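Descriptive structure summary
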Amino acid sequence: MLEVDSISVNYGPVRAVHSVSLTVEEGEIVALLGPNGAGKTSLLSAIIGLVPVAEGTISFQGQNINRLDTESRVERGLSVTPEGRHIFANLTVEENLILGAASRRDKDGIARDLETYLDMFPILRERYTQSGGSLSGGEQQMLAVVRSLMSGPKLLMLDEPSLGLAPRIVDQIFKLISGLRDRGLTILVVEQNAQEALKFADRAYILSTGNLEFSGTAEELRTSADLMKAYIGEGVA
Ligand SMILES: Nc1ncnc2c1ncn2[C@@H]1O[C@H](COP(=O)(O)OP(=O)(O)O)[C@@H](O)[C@H]1O
Ligand SMILES: [Mg+2]
């Protein structure tokens, strides 16, 4: 579904992503792991078209999308839930969700999706008329996820959905993410919390200082103390 072929991202003289290739097949959950500053967000930003690629190609559903702007990529079915959530604190839950559908014109489809997701995330229905800023961290993360779902994506990219959340909430968020896959969505999830992400992912990539260090099944990574120690750090395998 998504094919990233040898892409590099530069910020002036800083090379944030160095010739990275990855694929995501339809129906998969793929984890993109790696420490702070590895280039994970830069890679997602390049895929959605928020930063230019210095070299390489990005294809989505068999078509090269390098030259498309972000809006066109969203229309084709790509969506990102950004790191740090970035919900609108002064707007209500409803207003935040409607903004997520800004690229769509199918009113009936928007209303149908809204109902589906409010059923799936009932806390958002409870909070529907409250301001985004009044929600707890976990609720804001759910709001951010559903807002990005409202664009009707085929591939959802999540940037550190567990960041700053209590373990119990993290578990809940990941269960909801795998529930989305069960409904037919394809997911690329960036995480520093490798332990948690690997419970739910099918495959994983590890990025370190802009370079791809590992690619394989989540099972392979999770069950290898050596790999975990080498790439994820001490004391977690
Ligand atoms: N807008 C930017 N301008 C300059 N450097 C940036 C910018 N965004 C990220 N970087 C640098 O690129 C590298 C990768 O950052 P990032 O993609 O945010 O990593 P990650 O998401 O894995 O933490 C880091 O060295 C970071 O300082
Ligand atoms: Mg990041």
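Everything that follows concerns the structure shown earlier in this document.
So, here's what we can say about the structure. This is a predicted model, so every value here is computed, not measured.

Some points on empty space enclosed by the protein
Inspection of the entire model under this criterion finds one cavity of 30 Å³ or more. The calculated volume of the largest cavity comes to roughly 30 Å³. Where the lining of the largest cavity is concerned, the elements lending two or more residues are α6 (137-149) and α7 (167-182). When residues in the lining of the largest cavity are grouped by element, the largest group, three residues, is from α7.

A closer look at the coordination of the magnesium ion (ligand 2)
Thr41 (OG1) and Glu83 (OE) make up the full set of protein donors to the magnesium ion (ligand 2), lying at 2.0 to 2.4 Å. Here Thr41 is found in helix α1 (residues 40-48), whereas its partner Glu83 is found in the loop between β6 (78-81) and α3 (93-100), with 42 residues between them in sequence. Here Glu83 falls in the partly exposed class, since its relative accessible area comes to 28%.

Observations concerning the site of ligand 1
Contacts to ligand 1 come from Tyr11, Ala16, Pro35, Asn36, Gly37, Ala38, Gly39, Lys40, Thr41 and Ser42. Here an oxygen atom of ligand 1 sits 3.1 Å away from a polar atom, N or O, in the main chain of Ala38. In this structure, an oxygen atom belonging to ligand 1 sits 2.5 Å away from a side-chain N or O atom of Ser42. Calculation on ligand 1 without its partners gives an accessible area of 560 Å², and the protein chains cover 59% of this total. Ranked by residues supplied to the shell around ligand 1, first place goes to α1 with three residues. Its residues assigned to classes, the shell around ligand 1 comprises four nonpolar, five polar and one charged.

As for the layout of surface pockets
Of the pockets and cavities examined, the largest pocket occupies roughly 440 Å³. Lining the largest pocket are 18 residues, and of these Val74, Ser79, Val80, Gly100 and Ser148 sit closest to its centre. Of all the secondary structure elements, the ones that give two or more residues to the lining of the largest pocket are α2 (70-76), β6, α3 and α6. Its residues assigned to classes, the lining of the largest pocket shows nine nonpolar, seven polar and two charged.

A short note on α7
Two residues of an α-helix separated by three or four positions point the same way, owing to the 3.6 residues in each turn. Taking 1.5 Å of rise per residue, 16 residues should cover 22 Å, and α7 covers 23 Å from first to last C-alpha, within 8% of that figure. Along α7, the residues classified as buried are Ile169, Val170, Ile173, Phe174, Leu176, Ile177, Ser178, Gly179 and Leu180. Where α7 is buried, its residues touch β3 (29-33), α4 (107-120), α6, β7 (155-159), β8 (186-191) and α8 (194-200).

The rules behind each value
Residues numbered from 1 in each chain as written. Chains lettered and ligands numbered in written order. Predicted model: local features only at pLDDT ≥ 70, side-chain atom pairs only at ≥ 80, totals over all residues. Heavy atoms only, no water. 1 Å grid on protein atoms, 1.4 Å probe; cavity = no way out; pocket = protein on both sides within 12 Å on 5 of 7 lines; lining within 4 Å. Points joined across faces, edges and corners; volume = space filled by probe spheres on them. Helix = DSSP H or I, 4+ residues; strand = E, 2+ residues; numbered from the N terminus. Donors = N, O, S within 2.8 Å, 3.2 Å for Na, K, Ca; no water. Buried < 20%, exposed > 50% of the residue type's maximum accessible area, 1.4 Å probe, protein only. Near = heavy atom within 4 Å. Polar contact = N/O pair within 3.5 Å; in protein donor to acceptor, adjacent residues only side chain to side chain. Areas by Shrake-Rupley, 256 points an atom, 1.4 Å probe, with all protein chains shown as cover. Nonpolar A, V, L, I, M, F, W, Y, C, P; charged D, E, K, R; others polar. Expected span 1.5 Å × (residues − 1). Contact = heavy atoms within 4.5 Å.

So, to be careful, I would describe these as geometric facts and stop short of saying anything about function.
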